[in-house]
Amino acid sequence: QVQLVESGGGLVQAGGSLRLSCAASGRTFSRSAMGWFRQAPAKEREFVAAESWNRGRLYYADSVKGRFTISRDNAKNTVYLQMNSLKPEDTAIYYCAARVDSYGSLYSVNSYSYWGQGTQVTVSS
């Protein structure tokens, strides 16, 4: 059974940092693109960051570019999201996701086959 389990969320003041982790089990994702998405109350789930598997290319939403960094440790089957200079508008549930084929845009929720349960990030002003 494939599982993605996020951790590292919490409450932080504006300007602070958090590091989210997503541990995968049930299969290896070293040859899968991995992504992070987030969903704020009453809003649609939106793309945050992604990393392709073959050339390690990184993709970011404009709203987080320069503040967030996605990375992975294939030996641990884990992907990370380092979040710096957090803002109240970053408050959301953060989800990691895995794409197991090469179809569709890395920016689209529909391109990902596996999802974690989410971890809450709350940034106070």
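The numbers attached to residues start from 1 for each chain and follow its sequence in the written order. Where totals are concerned, whole chains, interfaces and linings use all residues; where local detail is concerned, this predicted model gives features only for residues with pLDDT of at least 70, and gives and counts side-chain atom pairs only at 80 or more. Side-chain descriptors were evaluated using all non-hydrogen atoms of the structure, hydrogens and water having been removed beforehand.

What follows deals with the sheet that holds strand β7 (residues 68-73). One open sheet accounts for 4 strands, arranged β1-β3-β8-β7; its pairing is antiparallel. For this open sheet the edge positions go to β1 (3-7) and β7, each flanked by a neighbour on one side alone. The average angle at which neighbouring strand axes cross in this sheet is 15 degrees, direction not considered. If DSSP finds at least two bridges between two strands, the strands pair. In DSSP terms, a helix is any run of H or I states spanning at least four residues, a strand is any run of E spanning at least two, and both are numbered starting from the N terminus. As paired elements, β7 and strand β8 (residues 78-83) share 6 bridges and run antiparallel to each other. Along β8, the bridge assignment pairs Thr69 with Gln82. Between the N-to-C directions of two axes lies an angle of 0 to 180 degrees, each axis being a line fitted to C-alpha atoms and, for a helix, fitted only over the stretch in contact.

Before going further, it helps to examine unusual backbone geometry. Here the phi dihedral of Ala42 falls at roughly 65 degrees; this positive angle occurs in a residue that is not glycine. A positive phi angle, close to 50 degrees, is found at Ser85, a residue other than glycine. Here Ser85 lies in the loop between β8 and β9 (92-99).

Relative to the assigned elements, Gly118 resides in the loop between β10 (114-115) and β11 (119-124). Counting along the chain gives 12 residues from Gly118 to Leu106, while the straight-line C-alpha distance between them is 19 Å. Residues count as neighbours in contact if any of their non-hydrogen atoms are within 4.5 Å of one another. Setting aside chain neighbours within four positions, we find Gly118 in contact with Glu6, Ile93, Tyr94 and Tyr95.

Let us look at the state of the cysteines. Defined by distance alone, a disulfide is two cysteine sulfur atoms within 2.5 Å. What the rule picks out here adds up to 1 disulfide. The disulfide bridge from Cys22 ends at Cys96, spanning 1.9 Å between sulfur atoms. Of note, the bridge from Cys22 to Cys96 carries an S-S torsion of about 45 degrees and is right-handed in sense. Here the residue Cys22 occupies a position in strand β3 (residues 18-25), and Cys96 occupies one in strand β9, the gap between them amounting to 74 residues. Both residues of the pair, Cys22 and Cys96, belong to the buried class. Each residue is assigned to one of three classes by its accessible area relative to the maximum for its type, calculated with a 1.4 Å probe on protein chains only: buried under 20%, partly exposed between the two thresholds, exposed over 50%.

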